[in-house]
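Understanding the architecture of this molecule
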Amino acid sequence: MSALGALEAAGAGTGGGSLFRPLSAEDGEQRPAEIESLCMNCFRNGVTRLLLTRIPFFKEIIVSSFACDSCSWSNTEIQSAGRIQEQGVRYTLAVTSRQDMNREVVKTDCATARIPELDFEIPAFTQKGVLTTIEGIIDRAVAGLEQDQPVRRVTDEEVASKIDEFIRKLKQLKEVHSSFTFIIDDPSGNSFVENPRAPQRDDALVVTRYRRTPQQAAMLGLEGEELDEKPADSAEDLRNEVLQFNTNCPECNAPANTNMKLVQIPHFKEVIIMATNCDSCGHRTNEVKSGGAIEPQGTRITLRITDPSDMTRDILKSETCSVEIPELEFELGMGALGGKFTTLEGLLKDIRDLVERNPFSLGDSSTPSKTEKLQEFVGKLQEIIEGKAKAHFIMDDPAGNSYLQNVYAPEEDPELKVERYERTFEQNEDLGLNDMKTEGYESEGAAGR
């Protein structure tokens, strides 16, 4: 009888119930099944214990433990009790405290574990699956590196000293004197990193699902299945996937990654959100691009700010949009602050920061009168942000690609006015539309030849 069959028989003998029970010290009925099996170290009989359990907010797993009384050899590993998932999974955790070191981790044998700060990687299929913690994975790596150190010190002292130094760095990670990143990448989708705040979101943990590459599918023995699948709609993939490409940081010019995501804004259109994060200098930028064409007409959006709750309205400001606040005699020209997808409060704070950071406005080179006027402006703007003053907020976008949330949608918003207008020649010139010809150019080209 197989191990799983023995467990099923044991479950039937105890009156049924779920075969996979949540792991709990208070569950007196949850006991492992014991099976006599051959020890691969001394070739005598030992005992294998199998426990079928369910990890909260994850899935069912099989925990197995072997112990031999003859030679004292032992071994533990875990196996997923489910099938290989349709997509791979990548867990990225920012470890910032000792509590993070105690997070439970399920690492299957086909998963790769990485710590980028040390250029440390545990490749796939080099270890058995394990149910442990982040500290346990580091301890296991340290034990593996220390295993052959006595021999290395005799045969190659230089390599042994370098490995000793690396082991010291790994042990220092457990003290969490500085934060580091822990990554589990599993193409089978069956690995797991605990979220102690579940079902709430964990800001320190990023979970990414991705489509396996042909090489990863072949590694899992799914090459035939992957080839038989129908090709997915590439446009649908763009909507469901965060694309990443290599760029250079605009501040320090170091290599960085830019993430790009296609987002559908309700009652509006699709936009492209791009975010760059530099690990070298910590600089972060985000930018919004319209996912569609230039609209036939321009758009002028006027919001009357009457309540602090207006600050929470979503806002999409394209690069071609200008902003005006008549009560402050303030106008932000086209192209300033770039494209942004934020809230009204976030955009007003960006405007305030733009004024405060200007060295010619509030710096040493400014005059006292100009400084006094700008400080007065910043004070009035802060009152609007805090909901202490009423004002009109106007967005004018000749391209028609900006948006301000209607909180009454699909009904009309009494405080929001959206106007469509015909662009002037100068506005079309700024957008490059006067010299753009999209109809009849084939016949003109043939006549010219």
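Presented here is a report on the structure given in the accompanying data block. (Residues numbered from 1 in each chain as written. Predicted model: local features only at pLDDT ≥ 70, side-chain atom pairs only at ≥ 80, totals over all residues. Heavy atoms only, no water.)

Let us look at a nonpolar patch on the surface. On the surface, L38, M40, F43 and W73 cluster together into a nonpolar patch covering about 450 Å² of accessible area. Among the secondary structure elements, M40 is positioned in the loop between β2 (33-38) and β3 (45-54). (Patch = residues over 30% accessible without salt bridge, like charges linked within 9 Å, V, L, I, M, F, W, Y side chains within 5 Å. Areas by Shrake-Rupley, 256 points an atom, 1.4 Å probe, with all protein chains shown as cover. Salt bridge = Lys/Arg side-chain N within 4 Å of Asp/Glu carboxyl O. Helix = DSSP H or I, 4+ residues; strand = E, 2+ residues; numbered from the N terminus.)

Moving on to the layout of surface pockets. Here the largest pocket is characterised by a volume of approximately 1,800 Å³. Those elements that place two or more of their residues in the lining of the largest pocket are β6 (88-95), β11 (180-186), β13 (205-210), α8 (234-240), β14 (243-248), β15 (255-264), β16 (270-277) and β17 (284-290). Among the elements that take part in the lining of the largest pocket, β15 stands out by supplying five residues, more than any other. Here the lining of the largest pocket is composed, by residue class, of 13 nonpolar, 18 polar and eleven charged. (1 Å grid on protein atoms, 1.4 Å probe; cavity = no way out; pocket = protein on both sides within 12 Å on 5 of 7 lines; lining within 4 Å. Points joined across faces, edges and corners; volume = space filled by probe spheres on them. Nonpolar A, V, L, I, M, F, W, Y, C, P; charged D, E, K, R; others polar.)

Let's shift gears to the sheet that holds strand β22 (residues 340-343). Spatial ordering of the open sheet is given by β22-β19-β24, a layout of three strands whose pairing is antiparallel. Where the open sheet ends on each side, the last strands, each with one partner, are β22 and β24 (403-404). Examined bridge by bridge, strand β19 (residues 314-317) and β24 share two bridges and lie antiparallel to one another. The residue bridging L316 from the neighbouring strand is Y403, located in β24. Each of β19 and β22 is contacted by helix α9 (residues 344-357), which is oriented at about 110° to β22, the strand it contacts most. (Pairing = 2+ DSSP bridges. Contact = heavy atoms within 4.5 Å. Axes fitted to C-alpha atoms, helices over the stretch in contact; angles between N-to-C directions.)

Take A33: it is sitting in strand β2. Taking the C-alpha atoms as reference points, A33 and T48, 15 residues apart in sequence, are found 8.1 Å from one another.

Following A409, the chain continues into P410 via a peptide bond in cis, with omega recorded as 5°. Structurally, P410 is set in the loop between β24 and β25 (416-421). Phi at E329 takes a positive value of approximately 50°, unusual for a residue other than glycine. With respect to the element layout, E329 can be found in the loop between β20 (322-325) and β21 (330-332). A residue is classified by how much of its surface remains accessible, and E329, at 77% relative accessible area, is exposed. (Buried < 20%, exposed > 50% of the residue type's maximum accessible area, 1.4 Å probe, protein only.)

Just geometry here; none of it tells us what the structure is for.
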